[in-house]
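Take a look at the letters that make up each chain.
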Amino acid sequence: MLRLRSSRPAAGLPGRRASGPEAVRPGILRRLLPGSRRKPVRRQPKVWTAAAAVALVLAVALAAGALPAAGAAQAAPAAAKEDSQQRKLREMCDRVGVMTGLPWHSVAALERYERTLSRAHPKSRPLPPNALVGVFVGPERWSGPLNPDPEDKSPVSIRAFGGIGRDGSGDGVADRNDDLDRLYSVAHQVRRKGTSPDDFAIGLWEYYQNTRAVQRVLQFAKIYRTFGKLDLSRHVFPLPVGTVYSYRSTWGNSRDWGGTRIHEGTDIFANYGVPVRSTSYGIVEVKGWNPYGGWRIGIRDLDNLYHYYAHLSGYEKSLKPSDVVRPGQIIGWVGSSGYGRPGTQGKFPPHLHYGVYRDRGLVEWAFDPYPMLRKWEKAELKALRVHKE
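Conventions used here
Residues numbered from 1 in each chain as written. Predicted model: local features only at pLDDT ≥ 70, side-chain atom pairs only at ≥ 80, totals over all residues. Heavy atoms only, no water. Helix = DSSP H or I, 4+ residues; strand = E, 2+ residues; numbered from the N terminus. Buried < 20%, exposed > 50% of the residue type's maximum accessible area, 1.4 Å probe, protein only. Areas by Shrake-Rupley, 256 points an atom, 1.4 Å probe, with all protein chains shown as cover. 1 Å grid on protein atoms, 1.4 Å probe; cavity = no way out; pocket = protein on both sides within 12 Å on 5 of 7 lines; lining within 4 Å. Points joined across faces, edges and corners; volume = space filled by probe spheres on them. Pairing = 2+ DSSP bridges. Core = buried A, V, L, I, M, F, W, Y, C linked by side-chain atoms within 4.5 Å. Contact = heavy atoms within 4.5 Å. Expected span 1.5 Å × (residues − 1). Arc of directions from axis to C-beta. Polar contact = N/O pair within 3.5 Å; in protein donor to acceptor, adjacent residues only side chain to side chain. Phe/Tyr/Trp six-rings, centres within 6.5 Å; stacked < 30°, edge-to-face > 60°. Lys NZ or Arg CZ within 6 Å of the ring centre and 35° of its normal.

### A word on the overall build of the chain
Part 1 of the argument: Along its length, the chain carries 10 helices and 13 strands.
Part 2 of the argument: Here the chain holds 389 residues, and the buried ones make up 45% of them.
Part 3 of the argument: Surface summary for the chain: the accessible area is close to 21600 Å², and the carbon and sulfur share equals 56%.

Shown next as structure tokens:
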């Protein structure tokens, strides 16, 4: 179930191998064949070959857990592929940055915002198969509104018809299905006003005609600039997994304070003062009092998700809006604030209300965060077990 967030969220207002058949041994086969006679078999002493010895050692090692499990061996190629894609994408951002005069993190932020829109609207923003870049440009905008050929790839005619398609790969073709061409074309369009921060913001506005888009790209750029890398996908559970807490799926439960409504989030019950952590890399967007959520804080991540932490007893004092945070960083403490004027406490047991909202470009929708919480909790517990072993 999805819920629209029209403004800032409020707590409760704003989410073992089935082996194949055994082979028939020759002796058994002879007994099954009509008229067959058994011949005496001279038994040979067992001789251990080097290969057999190695196989036995490997089998024992696997059974004892001394060697990686098959699952880990299978996961390695996937991780290597992901790393390779990250490297290629970073190279593209660096290359487009040189071509346009924009910093790499600005190009990366532009690509990331485009990716979030393409994920939110897969039908209206279809990407080429196996696309590495999340940028989407419609045929008309690419080729020009009056161009009779919507799939035009000639940079000259595209420019003549006012299209934004450009040749970024240097092959003389402006191909809308080419990752580098798409990324360069949009970056080139945005930097037409200049490459300074203010000019970049103006270029974003003229391209998207949406202040929310300008804000998101600038936020993403700051996050990338702070950490200096593209791979910022790590997440953690909002409370330290070594502490005492309890939670279950409470999405959609009814609430009546402040009017009839449903619960848009997950309540994680814990004692007062248990640290609340940022679940992701992100940027602080909102901090302060909300009548429903009490002392709450909102953090925007690179997936364009708004993470909402409510009912806090207090904040990390040094934290302020526009600050960049990392997974596991303490942002506040569990409390029971809310349901009233600023400072109201104790109207319900202490807990953290955790909600998540997805920005779809013009509006934000709440969705159930419980599956993500379970995933992050299991991953952290597994990592702790491996570390102890």
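### Details of the layout of surface pockets
Part 1 of the argument: Estimated volume of the largest pocket: approximately 680 Å³.
Part 2 of the argument: Surrounding the largest pocket, 27 residues form its lining, Gln-86, Arg-112, Arg-119, Ser-233 and Asp-303 being those nearest its centre.
Part 3 of the argument: With five residues, the top contributor of residues to the lining of the largest pocket is helix 3 (residues 70–100).

### With respect to the pairing of strand 7 (residues 282–290)
Part 1 of the argument: Among the nine residues that make up strand 7, eight are buried, leaving the element largely enclosed by the rest of the structure.
Part 2 of the argument: Note: strand 7 against strand 8 (residues 294–301), eight bridges, orientation antiparallel. The partner of Val-284 across the bridge, within strand 8, is Ile-299.
Part 3 of the argument: Between strand 7 and strand 8, which pair antiparallel and follow one another directly, the connecting turn spans three residues.
Part 4 of the argument: By the bridge criterion, two bridges tie strand 7 to strand 10 (residues 324–325) in an arrangement that is antiparallel. Opposite Gly-282, over in strand 10, you have Val-325 as the bridge partner.

### Brief notes about the nonpolar core
The nonpolar side chains of soluble globular proteins are, as a tendency, buried together.
Part 1 of the argument: One finds Leu-204 and Tyr-224 to be the most contacted residues of the largest nonpolar core, which totals 45 residues.
Part 2 of the argument: Those elements giving two or more residues to this core turn out to be helix 3, helix 4 (104–120), helix 7 (179–190), helix 8 (197–208) and helix 9 (211–227).
Part 3 of the argument: Per element, the largest residue contribution to this core is eight residues, and it comes from helix 9.
Part 4 of the argument: With sequence-adjacent residues up to four places away left out, Tyr-224 is seen in contact with Trp-104, His-105, Ala-108, Ala-109, Arg-112, Lys-229, Leu-230, Leu-232 and Leu-302.

### Focus: the environment of Val-276
Part 1 of the argument: Mapped onto the fold, Val-276 is located in strand 6 (residues 275–277).
Part 2 of the argument: In this structure Val-276 comes out as buried when scored by relative accessible area, which is 0%.
Part 3 of the argument: Here the alpha-carbon distance between Val-276 and Tyr-309, two residues 33 residues apart in the chain, equals 8.3 Å.
Part 4 of the argument: Here Val-276 is in contact with Pro-238, Leu-239, Tyr-309, Leu-312, Gln-329, Ile-330, Ile-331, Gly-332, Trp-333, Val-334 and Leu-352, once residues within four sequence places are set aside.

### Observations regarding the pairing of strand 13 (residues 364–367)
Part 1 of the argument: Pairing of strand 12 (residues 351–359) with strand 13 involves four bridges; the strand directions are antiparallel. Bridge assignment links Asp-359 to a residue of strand 13, and that residue is Glu-364.
Part 2 of the argument: In sequence, strand 12 turns back onto strand 13 through a hairpin of four residues, with Gly-361 there showing a positive phi of about 110 degrees.

### Let's talk about helix 10 (residues 370–388)
Part 1 of the argument: For helix 10, which comprises 19 residues, the first-to-last C-alpha distance of 27 Å matches the rise-based estimate of 27 Å (1.5 Å per residue) to within 8%.
Part 2 of the argument: For helix 10, the complete set of buried residues consists of Met-372, Leu-373, Trp-376, Glu-377 and Glu-380. Buried residues of helix 10 fall within an arc of 130 degrees about the axis and therefore sit on the same side. Summarising the geometry of helix 10, the exposed residues directed more than 90 degrees from the buried face are Pro-371, Lys-375, Lys-378, Lys-382 and Val-386.
Part 3 of the argument: In the core, the buried residues of helix 10 are packed alongside strand 2 (245–247), strand 5 (266–270), strand 6, strand 9 (305–315), strand 12 and strand 13.

### Observations regarding helix 7
Since the α-helix advances by 3.6 residues per turn, residues separated by three or four positions end up pointing in the same direction.
Part 1 of the argument: Along its 12 residues, helix 7 runs 17 Å from first to last C-alpha, staying within 8% of the 16 Å computed at 1.5 Å per residue.
Part 2 of the argument: In terms of burial, helix 7 is a largely internal element, 11 of the 12 residues being buried.
Part 3 of the argument: Taken together, the buried positions of helix 7 are occupied by Asp-179, Leu-180, Asp-181, Arg-182, Leu-183, Tyr-184, Ser-185, Val-186, Ala-187, Gln-189 and Val-190.
Part 4 of the argument: Sitting at the head of helix 7, Asp-178 places a side-chain oxygen 3.0 Å from the backbone nitrogen of Leu-180.

### As for the packing of aromatic side chains
Part 1 of the argument: Applying the stated criterion across every chain yields a total of 14 aromatic pairs.
Part 2 of the argument: Ring centres of Phe-237 and Tyr-245 lie 4.9 Å apart, and the angle between their planes is 25 degrees; on these two criteria the pair is classed as stacked. Across this residue pair, the class does not change: Phe-237 and Tyr-245 are buried.
Part 3 of the argument: Here the aromatic cluster, defined as three or more aromatic residues joined through ring pairs, consists of Phe-237, Tyr-245, Tyr-247 and Tyr-370.
Part 4 of the argument: Above the plane of the ring of Tyr-207 lies Arg-141, whose end atom (NZ or CZ) is 3.9 Å from the centre.

### Description of the side chain of Arg-300
Part 1 of the argument: Positionally, Arg-300 belongs in strand 8.
Part 2 of the argument: One polar contact links Arg-300 to Glu-285, side chain to side chain, over a distance of 2.9 Å.

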